[in-house]
Amino acid sequence: MFSNPLSYDEPVFRPPSEAYSLIFQVTTGCSWNKCAFCEMYTQKQFKIKPEEKIFAEIDIAAKQLPNTRKVFLADGNAMVLSIERLIGILTHLKHSFPKLTRVSAYAIPKDMKNKNVEDLKKLQQAGLKIIYVGIESGDDELLEIINKGETAASTIQAMKKVKQAGIKSSVMIINGLGGKKHSKNHATNSAVVINAIEPEFLSTLVLSFPYGADHFKTRFKGEYQELNILDLLIEQQTFISQLELTETVFRSDHASNYLVLKGILNRDKHTLLNHLSVAIQKPELANLRQEWQRGL
Ligand code: SF4
C-alpha cells in the first residue's frame with residue numbers, strides 16, 4: 001500500500017489535467033502573490049524547498065511509485081526556480097522514474113525573464129513538457145488595475161520563448177475580470193495576446209469571489225461593476241470572434257462557466273460562436289447550466 005512520503009504545505013493546487021500526476025511541492029506559495037482576484041496562496045509565504053529535501057522525497061516516492069508517468073511541480077510558479085535548480089530536479093526525476101513521460105508546472109511570464117530560449121530548450125530536453133500560465137487578460141490597463149505585474153508585451157515575449165523552446169503552454173483568460181467598464185477592451189486585447197502566442201491549450205473561466213465581491217473590490221484599483229450572465233456571454237463572444245489561431249485546444253468548461261464550450265480553434269470557431277449567439281439571443285434553447293438559466 002502507498003503511504004504518502006511527501007510533505008505538503010496545504011492547500012496544494014494543480015490544474016485539472018494533472019489529476020493523475022504525482023505532485024512534488026518544490027516551492028511554496030507564489031513569488032508574486034499580489035493579483036487582486038487570486039486568493040490561492042495569500043495564506044502562504046513564498047519559499048523554495050531545499051534541494052536535498054526535494055531529492056529525498058523523490059527517492060522515497062520512486063520506491064513506492066516506480067511506474068509514475070506524470071509529475072507536476074507545485075506551487076504557484078515552480079518556474080521561478082533557476083535553470084540549474086530546475087534541471088537538477090528534472091534530471092533526478094528522470095533517473096528515479098524510468099517511465100516518466102512528462103513534467104509540468106505553473107508559471108508566470110516574469111519567470112521567463114532571465115531564461116533565454118536555449119535555457120528553456122534544456123528544460124524541455126530534461127523533461128519539462130508543459131507549463132500552465134494564468135494570463136488573465138491582454139489589456140494593459142486592466143493588468144495594472146488587478147496588479148498582475150505583467151503587460152501584454154511581457155506576456156507575449158515570455159510565451160514566445162516558451163514556444164520556441166518546444167515547451168507546450170496551457171493559458172487561461174478570466175471572463176468578467178474587468179467588470180462592465182473594461183469588458184470590451186479586455187476581450188479584444190486578450191485576443192491580440194492569444195493570437196500572438198498561439199498556445200497549444202486555451203481556457204476561460206469566470207471570475208469568482210471566494211471572499212465575496214466586496215473583498216475583491218477593495219483590491220481592484222478602480223471601479224468594478226460586476227457583469228451579468230448576458231454580459232459575460234457577450235464578452236466571450238467578442239473574445240472568440242477575434243481569435244485567429246491554427247490548432248489551439250479551447251476549453252470553457254470550468255464549473256464557473258455558464259455555457260460549456262469546447263473545440264479546436266480556429267477549426268470550430270464558427271460553431272462556438274453559433275452556440276454563443278443562441279445563448280445570447282435565446283437562452284432557453286442554449287445548453288446553459290440549469291441553475292444559471294434561472295438567473296438570466
Ligand atoms: S501570479 Fe498567479 S498564483 Fe500568483 S497571485 Fe497572481 S494569479 Fe495568483
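That block above? That's the structure.
The rules behind the values
Residues numbered from 1 in each chain as written. Predicted model: local features only at pLDDT ≥ 70, side-chain atom pairs only at ≥ 80, totals over all residues. Axes fitted to C-alpha atoms, helices over the stretch in contact; angles between N-to-C directions. Helix = DSSP H or I, 4+ residues; strand = E, 2+ residues; numbered from the N terminus. Parallel < 35°, antiparallel > 145°, perpendicular 65-115°, else oblique. Left-handed = near helix turned anticlockwise from the far one by under 90°. Contact = placed C-beta atoms within 7 Å. Nonpolar A, V, L, I, M, F, W, Y, C, P; charged D, E, K, R; others polar. Near = placed C-beta within 6 Å. Buried ≥ 20, exposed ≤ 12 C-beta atoms within 10 Å, placed from the backbone. Pairing = 2+ DSSP bridges. Right-handed = clockwise from strand over helix to strand, strands pointing away.

Notes on the packing of helix 1 (residues 51-64) against helix 2 (residues 83-96)
Running from amino to carboxyl end, helix 1 crosses helix 2 at an angle of 15°, the nearest separation of the two axes being 10 Å. Of the possible angle classes, the one that applies to helix 1 and helix 2 is roughly parallel. Classified by chirality, the crossing of helix 2 by helix 1 is right-handed. Counted together, Glu-51, Ile-54, Phe-55, Ile-58, Asp-59 and Ala-62 of helix 1 and Arg-85, Gly-88, Ile-89, His-92, Leu-93 and Ser-96 of helix 2 form the full contact between these two elements. Considered class by class, the residues forming the contact of helix 1 with helix 2 number 6 nonpolar, 3 polar and 3 charged.

As for the site of the ligand
Taken together, the residues surrounding the ligand are Cys-30, Trp-32, Asn-33, Lys-34, Cys-35, Cys-38, Met-40, Tyr-41, Gly-76, Ile-108 and Gly-134. Of the residues assigned to the shell around the ligand, the class counts are 7 nonpolar, 3 polar and 1 charged.

A look at unusual backbone geometry
With an omega of -5°, the peptide bond between Glu-10 and Pro-11 qualifies as cis. Relative to the helices and strands, Pro-11 resides in the segment before strand 1 (22-25). Across the junction of Leu-265 and Asn-266, the peptide omega takes the value 10°, indicating a cis bond. Positive phi, normally seen in glycine, also occurs at Glu-136, with a value near 70°. Within the fold, Glu-136 resides in strand 6 (residues 128-136). By the C-beta count within 10 Å, which is 25 here, Glu-136 ends up buried. In this structure, Asn-147 is a non-glycine residue whose phi angle is positive, near 60°.

A closer look at the environment of His-254
For His-254, the location among the structural elements is in the loop between strand 9 (248-252) and strand 10 (261-265). Linking His-254 and Pro-98, residues 156 residues apart in sequence, is a C-alpha distance of 33 Å. Beyond its immediate stretch of four places on either side in the chain, His-254 contacts Ser-203 and Leu-205.

Quick look at the sheet that holds strand 1
The 8 strands lie next to each other as 1-4-5-6-7-8-9-10, forming an open sheet whose pairing is mixed. Each having just a single partner strand, strand 1 and strand 10 make up the two edges of the open sheet. Each neighbouring strand pair of the sheet contributes to a mean axis angle of 20°, computed without reference to strand direction. The pairing of strand 8 (residues 201-206) with strand 9 spans 3 bridges and is parallel. Paired with Phe-201 across the two strands is Val-249, which belongs to strand 9.

Focus: the pairing of strand 6
In terms of burial, strand 6 is largely enclosed, as 8 of its 9 residues are buried. In terms of strand pairing, strand 5 (residues 102-107) meets strand 6 through 5 bridges, oriented parallel. Residue pairing across strands places Ala-105 opposite Ile-131, the latter belonging to strand 6. Between the parallel pair strand 5 and strand 6, the chain is carried across by helix 3 (residues 117-126), and the sense of this crossover is right-handed. Examined bridge by bridge, strand 6 and strand 7 (residues 168-175) share 6 bridges and lie parallel to one another. Its bridge partner being in strand 7, Gly-134 is matched across the sheet by Met-172.

So, the environment of Leu-123
Turning to its location among the elements, Leu-123 is positioned in helix 3. For Leu-123, a count of 23 C-beta atoms within 10 Å translates into the label buried. For the pair formed by Leu-123 and Ile-83, sequence separation is 40 residues and the distance between their alpha carbons is 7.4 Å. With residues near it in sequence (within four places) discarded, Leu-123 still touches Ile-83, Leu-86, Ile-87, Leu-90, Leu-128 and Ile-167.

Considering the packing of helix 6 (residues 179-197) against helix 8 (residues 229-241)
Packing of helix 6 against helix 8 leaves a shortest axis separation of 8 Å and a crossing angle of 25°. As summarised for this structure, helix 6 and helix 8 are arranged roughly parallel, according to the angle between their axes. Here helix 6 runs over helix 8; the crossing is right-handed. On the side of helix 6, the interface is formed by Lys-180, Ser-183, Lys-184, His-186, Ala-187, Thr-188, Ser-190 and Ala-191, while helix 8 contributes Asp-231, Glu-235, Thr-238 and Phe-239. Grouping the constituent residues of the contact of helix 6 with helix 8 by class yields 3 nonpolar, 5 polar and 4 charged.

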